[in-house]
Amino acid sequence: MDKWPEGPAAEPEAARARYDSDLAAARKGLREAMRADLPAAHLGLGVVVVAAAILGGTAGPVAGALLAAAFAALFGVVRAVMAFRGIRGADAWRRSYVFTFGWANWF
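Residues numbered from 1 in each chain as written. Predicted model: local features only at pLDDT ≥ 70, side-chain atom pairs only at ≥ 80, totals over all residues. Heavy atoms only, no water.

Engineer: What am I meant to see in the pattern of salt bridges here?
Structural biologist: Close approach of charged atoms allows side chains with opposite charge to pair. Considering all chains together, one arrives at three salt bridges under this definition. A salt bridge links arginine 94 to aspartate 91; the nearest nitrogen and oxygen atoms lie 3.0 Å apart. Here arginine 94 and its partner aspartate 91 are both found in helix H4 (residues 89-101), three residues apart, which amounts to about one turn of the helix. With relative accessibility at 30%, the residue aspartate 91 sits in the partly exposed group. A salt bridge links aspartate 91 to arginine 95; the nearest nitrogen and oxygen atoms lie 3.2 Å apart. With aspartate 91 and arginine 95 both in helix H4 and four residues apart, the pair spans about one turn of that helix. Because the salt bridges share partners, they merge into one network encompassing Asp91, Arg94 and Arg95. (Salt bridge = Lys/Arg side-chain N within 4 Å of Asp/Glu carboxyl O. Helix = DSSP H or I, 4+ residues; strand = E, 2+ residues; numbered from the N terminus. Buried < 20%, exposed > 50% of the residue type's maximum accessible area, 1.4 Å probe, protein only.)

Engineer: For this particular structure, what's the right way to read helix H2 (residues 38-58)?
Structural biologist: Along an α-helix, residues three or four apart share an orientation, since each turn contains 3.6 residues. Counted at 1.5 Å a residue, the expected span for H2 with its 21 residues is 30 Å, and the 30 Å between its end C-alpha atoms agrees. Within H2, the full set of buried residues consists of Ala40, Ala41, Gly44, Val48, Ala52 and Gly56. Mapping the buried residues of H2 onto a view down its axis gives an arc of 140°, with all of them on the same face. Along H2, the residues that are exposed and aim more than 90 degrees away from the buried face are Pro39, Val49, Ala53, Ile54, Gly57 and Thr58. Those residues of H2 hidden inside the fold are in contact with helix H3 (61-84) and H4. Looking one or two residues past H2, glycine 60 carries a phi angle of roughly 120°, positive in sign. (Expected span 1.5 Å × (residues − 1). Arc of directions from axis to C-beta. Contact = heavy atoms within 4.5 Å.)

Engineer: Which parts of the structure should I look at to understand the nonpolar core?
Structural biologist: Generally speaking, a soluble globular protein has its nonpolar side chains buried in company with each other. Of all hydrophobic cores here, the largest spans seven residues; its members are Ala41, Val48, Phe71, Phe75, Tyr97, Val98 and Phe101. Excluding its chain neighbours within four sequence positions, the residues that come into contact with alanine 41 are Tyr97, Val98, Phe101 and Gly102. (Core = buried A, V, L, I, M, F, W, Y, C linked by side-chain atoms within 4.5 Å.)

The following block contains the structure:
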């Protein structure tokens, strides 16, 4: 266990400031690790299209259409949330696209 720089009777404000800065640094690292970008979203869309085609060819066209419709519905819900939050235009489309298909960054 690390010794506190303030000694055994730590000042609460200094301890809180150190805790807040450590938490902010940990969250920043997590945000960087989980960040998705546009090329990853393009790859995710490609994976969904290929998976829907394969599923449609093996299990039937309804199964492939259902997979594609599920991702289209997710995109529509995310787009509606963006509009509800007041985010409009190309930025809303880009954010919705990256949210829906950006998982390929970790694929």
